[in-house]
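In case you want the letters, here they are:
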Amino acid sequence: MKYTILKVLLLALTFQVTNLPAATLVTNLTNLMSEETQFWEGSPLYQSFTVGTSAATIDAVTLSTGFIANPTGMRVALFSDFSGTPYRSIGTFTFAGPPAALGPTPWNTPLEFTASPGSFNVNANTTYWIQVTATGGGIGDANYLSITSDQSETGTPGWSLGNSHLYTYYGSSPSVYAGNPLRMEISGVPEPSSASMLIL
């Protein structure tokens, strides 16, 4: 009888853990913009982030955009890391609103992209990359994201954004724009420390 009651309690706790609401995992959107950076087809931008001491699921990424010349072609993706650089695509994010709302966007507009088709699992103490690119257009039709020289961030303890971002030029190797991360927010569900107890 005691075992049955304990089992029911564990199942109830498991249900609560797996149905936690999304939270801000890490953000620097409240930091002031220092300038804007460009991206277009063949010339993506990358921003690294590092997960805290517990695994998590990522539900969405919010970016602070400037003018978006080719709004329907904007692409956001999650990449793994290898030796400090983006490695393999893990999955993509889809704009959370109607396509018409994508643009052209005014300066400093936050746009949310949700994980597609579902949330992405990320490992504790591991670095990943957010890639932002576009299809179509070129230098004359560039899209803009805002960046910040303020390298601070807030969110779940242990989570951090890289202090710089990477830019490319028509397929070139990524170059570092030191001291200026992209302004973004990553939201999802951190794994509670109690979740490991439920497996026992």
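Here's what I pulled together on the structure shown here.

About the criteria used
- Residues numbered from 1 in each chain as written.
- Predicted model: local features only at pLDDT ≥ 70, side-chain atom pairs only at ≥ 80, totals over all residues.
- Heavy atoms only, no water.
- Pairing = 2+ DSSP bridges.
- Helix = DSSP H or I, 4+ residues; strand = E, 2+ residues; numbered from the N terminus.
- Polar contact = N/O pair within 3.5 Å; in protein donor to acceptor, adjacent residues only side chain to side chain.
- Contact = heavy atoms within 4.5 Å.
- Core = buried A, V, L, I, M, F, W, Y, C linked by side-chain atoms within 4.5 Å.
- Buried < 20%, exposed > 50% of the residue type's maximum accessible area, 1.4 Å probe, protein only.

## Some remarks on the pairing of strand β12 (residues 160–167)
No. 1: Of the pairings in the sheet, the one linking strand β3 (residues 45–50) to β12 comprises five bridges and is antiparallel in character. If you follow Gln 47 over to β12, its bridge partner there is His 165.
No. 2: The pairing of β12 with strand β13 (residues 175–177) spans three bridges and is classified as antiparallel. Counted as the bridge partner of His 165 is Tyr 177 from β13.

## Quick word on the side chain of Ser 43
No. 1: Tracing the chain through its elements places Ser 43 in the loop between β2 (35–39) and β3.
No. 2: Within the local environment of Ser 43, its side chain forms a polar contact with the backbone nitrogen of Tyr 170, the two atoms lying 2.7 Å apart.
No. 3: Once residues lying within four places of it in the same chain are set aside, the contact partners of Ser 43 are Thr 168, Tyr 169 and Tyr 170.

## So, the nonpolar core
No. 1: Counting 32 residues, the largest nonpolar core has Phe 49, Leu 63, Phe 93, Ile 130 and Ile 186 as its most contacted members.
No. 2: Leave out the neighbours within four places in its chain, and Ile 186 touches Ala 23, Thr 24, Leu 25, Val 26, Phe 49, Ile 58, Ala 60, Val 61, Ile 130 and Leu 161.
No. 3: Counting five residues, the second largest nonpolar core, distinct from the first, contains Ala 77, Phe 79, Trp 129 and Leu 166.

## Observations regarding the side chain of Ser 187
No. 1: For Ser 187, the location among the structural elements is in strand β14 (residues 184–190).
No. 2: Not counting chain neighbours up to four residues away, the residues in contact with Ser 187 comprise Ala 23, Thr 24, Leu 25, Thr 57, Ile 58, Asp 59 and Ala 60.

By themselves, these observations are geometric and do not establish any function.
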